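# Close look at the chain arrangement
Each chain is listed here by its residues.
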Amino acid sequence: MENIDEIGEKLVVDAYRLDREGETLEGEVDCVDVHEEFVDAFGGVRYRLNARVFGTELLVRGSLEQDFSYVCSRCGKDFDDTVKLGDFTASFEIDDKSPEVDLTNEIRESIILALPTFPVCSETCPGVVQETKTFTDDRWNVLERLRMESRQPGDQVDQGASGSAEKRR
Ligand SMILES: [Zn+2]
């Protein structure tokens, strides 16, 4: 892994020092400088890439991950999510004079292109909650309470069932 410059904010590969069979590059590079009000990158891009030279070309493929904190475009809540690319691919011409290839821009662009246009905290996000139907009629409250009780997990349901059975006798 000595051929990788991991220091700072760049991922540079020296194509001439790569294993002929290709090499796996793994690590983190802090290169996505997106710090907006509604989308904010934190940590670096975690990469796991296979780099291999074919003739005068360096071919790189693998996976990238970058964490972001977002503001939900529907409900305005803060949430974190990870952009994951499983199929990052890039190729670079290798110049005899400069066998060092800088992968940083391609990585940054791929992550940014994968950002959601309208981030949502979950697919079922209801959006800004409008006052949901409040039950003005008491009869509906009873139904709602029954529904809540039937959702109680495990033991409580059993206890409730035996309790009500006793009362009925
Ligand atoms: Zn939301």
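Our structure is the block above this text.
This section reports on the structure supplied with the text. (Residues numbered from 1 in each chain as written. Predicted model: local features only at pLDDT ≥ 70, side-chain atom pairs only at ≥ 80, totals over all residues.)

With that out of the way, let us pick up the sheet that holds strand β5 (residues 57-71). The strand order β3-β4-β5-β6 describes an open sheet built from four strands, whose pairing is antiparallel. Taken across any chain shown, the strands that pair with only one partner, and hence form the sheet edges, are β3 (23-29) and β6 (78-93). With strand direction ignored, the average angle separating the axes of adjacent strands in the sheet is 15°. (Pairing = 2+ DSSP bridges. Helix = DSSP H or I, 4+ residues; strand = E, 2+ residues; numbered from the N terminus. Axes fitted to C-alpha atoms, helices over the stretch in contact; angles between N-to-C directions.)

By the element assignment, Cys-125 lies in the loop between α1 (104-113) and α2 (138-150). Given 16 C-beta atoms within a 10 Å radius, Cys-125 is considered partly exposed. For the pair Cys-125 and Cys-72, spaced 53 residues apart in the sequence, the C-alpha separation amounts to 8.8 Å. The residues touching Cys-125, leaving out its near neighbours within four places in the chain, are Cys-72, Arg-74, Cys-75 and Val-120. (Buried ≥ 20, exposed ≤ 12 C-beta atoms within 10 Å, placed from the backbone. Contact = placed C-beta atoms within 7 Å.)

Before going further, it helps to spend a moment on α1. All of the buried residues in α1 are Ile-107, Arg-108 and Ile-111. The arc enclosing the buried residues of α1, seen along the axis, measures out at 95°, which places them on a common side. Across α1 from its buried face, at more than 90 degrees, point the exposed residues Asn-105 and Leu-113. Buried positions along α1 lie against β3, β4 (39-54), β5 and β6. (Arc of directions from axis to C-beta.)

All we've got here are geometric facts, nothing functional implied.
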